[in-house]
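Secondary and tertiary structure notes
Chain residues, written in single-letter form:
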Amino acid sequence: MNTKTFFTLITAAALFLPATAALTQDNDGKAPPSVMVPLPDPIQRGFDPNNPLDFERPPEANPARNPAQSQTGFGDADQKIEILYDVDELPFAVRRMRELIMEAARSGDPEQLRPLIGKGSDITRLSLTDIEGDPINYIQSVSGDKEGHEILAILLEVMEAGFSRLDGGTENELYVWPYFYAVPLQDLTPPQRVELFKLVTAGDYEDMVSFGAYIFFRVGITPEGRWLFFVAGD
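Now for a description of the structure that goes with this document. (Residues numbered from 1 in each chain as written. Predicted model: local features only at pLDDT ≥ 70, side-chain atom pairs only at ≥ 80, totals over all residues. Heavy atoms only, no water.)

Before going further, it helps to spend a moment on the overall build of the chain. Scanning the chain from N- to C-terminus turns up seven helices and six strands. Across the chain, helices and strands are ordered from the amino to the carboxyl terminus as α-β-β-α-α-α-α-β-β-α-α-β-β. When the 234 residues of the chain are sorted by exposure, 51% land in the buried category. Put simply, of all contacts in the chain between residues at least 6 apart along the chain, 73% involve residues at least 24 apart. Surface exposure of the chain reaches about 10,700 Å², of which carbon and sulfur atoms provide 49%. (Helix = DSSP H or I, 4+ residues; strand = E, 2+ residues; numbered from the N terminus. Buried < 20%, exposed > 50% of the residue type's maximum accessible area, 1.4 Å probe, protein only. Contact = heavy atoms within 4.5 Å. Areas by Shrake-Rupley, 256 points an atom, 1.4 Å probe, with all protein chains shown as cover.)

Asp204, Tyr205 and Met208 are the residues of helix H7 (residues 202–211) that are buried. Mapping the buried residues of H7 onto a view down its axis gives an arc of 100°, with all of them on the same face. (Arc of directions from axis to C-beta.)

Ranked by internal contacts, the top residues of the largest apolar core, which has 54 residues, are Leu113, Leu155, Met159, Trp177, Tyr214, Val219 and Trp227. Of all the elements, helix H5 (residues 149–160) adds the most residues to this core, at seven residues. If we ignore the near neighbours within four places in the chain, the residues touching Leu155 are Ile101, Ala105, Leu113, Val219, Trp227 and Phe230. (Core = buried A, V, L, I, M, F, W, Y, C linked by side-chain atoms within 4.5 Å.)

To continue, consider the environment of Ile154. Residue placement: Ile154 occurs in helix H5. A relative accessible area of 1% places Ile154 in the buried class. Taking the C-alpha atoms as reference points, Ile154 and Lys198, 44 residues apart in sequence, are found 10.0 Å from one another.

Take the pattern of salt bridges next. Scanning the model with the defined rule gives five salt bridges in all. The salt bridge partner of Arg165 is Glu173, with a shortest N-O separation of 3.2 Å. Owing to a relative accessible area of 5%, Arg165 belongs among the buried residues under this scheme. Through salt bridges with shared partners, one network takes in Glu82, Arg165 and Glu173. (Salt bridge = Lys/Arg side-chain N within 4 Å of Asp/Glu carboxyl O.)

Let us now look at the pairing of strand E6 (residues 225–231). In terms of burial, E6 is a largely internal element, seven of the seven residues being buried. Examined bridge by bridge, strand E5 (residues 218–221) and E6 share four bridges and lie antiparallel to one another. Each bridged residue has a counterpart across the sheet, and for Arg218 the counterpart in E6 is Val231. Between E5 and E6, which follow one another and run antiparallel, lie three residues. (Pairing = 2+ DSSP bridges.)

Taken as a whole and assessed by the stated rule, the structure comprises eight aromatic pairs. Geometrically, the ring pair formed by Phe217 and Phe230 is tilted, given 5.3 Å between the ring centres and 40° between the ring planes. Here Phe217, found in the loop between H7 and E5, pairs with Phe230, found in strand E6; they are 13 residues apart in sequence, far enough to count as distant. Here the two residues Phe217 and Phe230 agree in accessibility, since each one is buried. A connected cluster of aromatic rings, assembled from ring pairs, spans Tyr85, Tyr179, Phe180 and Tyr214. (Phe/Tyr/Trp six-rings, centres within 6.5 Å; stacked < 30°, edge-to-face > 60°.)

Rendered as structure tokens:
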């Protein structure tokens, strides 16, 4: 992956975001405190039993959220940030969407992402600004190569990274890859920095520390399994 094109991509167009699955709590039954920025009202849509990517929501579940801006503040020091690696801990619908995204990325064909991205009001957000035209064409346009293979490689590496559960046990619950999105970069341990350098260069890291947040590509999937966003930028 050519991460050296990272900041060129961001200045050309801030990138990617969306996803759906079931509410969970910590083993002690207590919901982790929020580390999310304020979010807009959820998008309402009906359950489609004929759609293999649609999952029926529990009545208490709040559908899609729309975060993606970088978090420059991380709350109080005693707030809990969940850093997870075991995908078996994911709700089934989140785990399934992750697998489908990774299969599509491995295929080398950006078109395989189309059914996962969706359309209309439920479309996966791919930029922090509005985009015009076809989403797959947009994905290819921001890739370092015209076929879109670089972006697929980035997406695959992001989904292979450790992840974080934000606002666990609340209506705002969200699973975000990689977990660097949710933690102060200057507090990363040496092993965690090695993990980060699989995604970005050392120069990118220093720039993000100066900025105050991880601003490379990240993916968000709701507890109901909806691919909410795939974006980069601040």
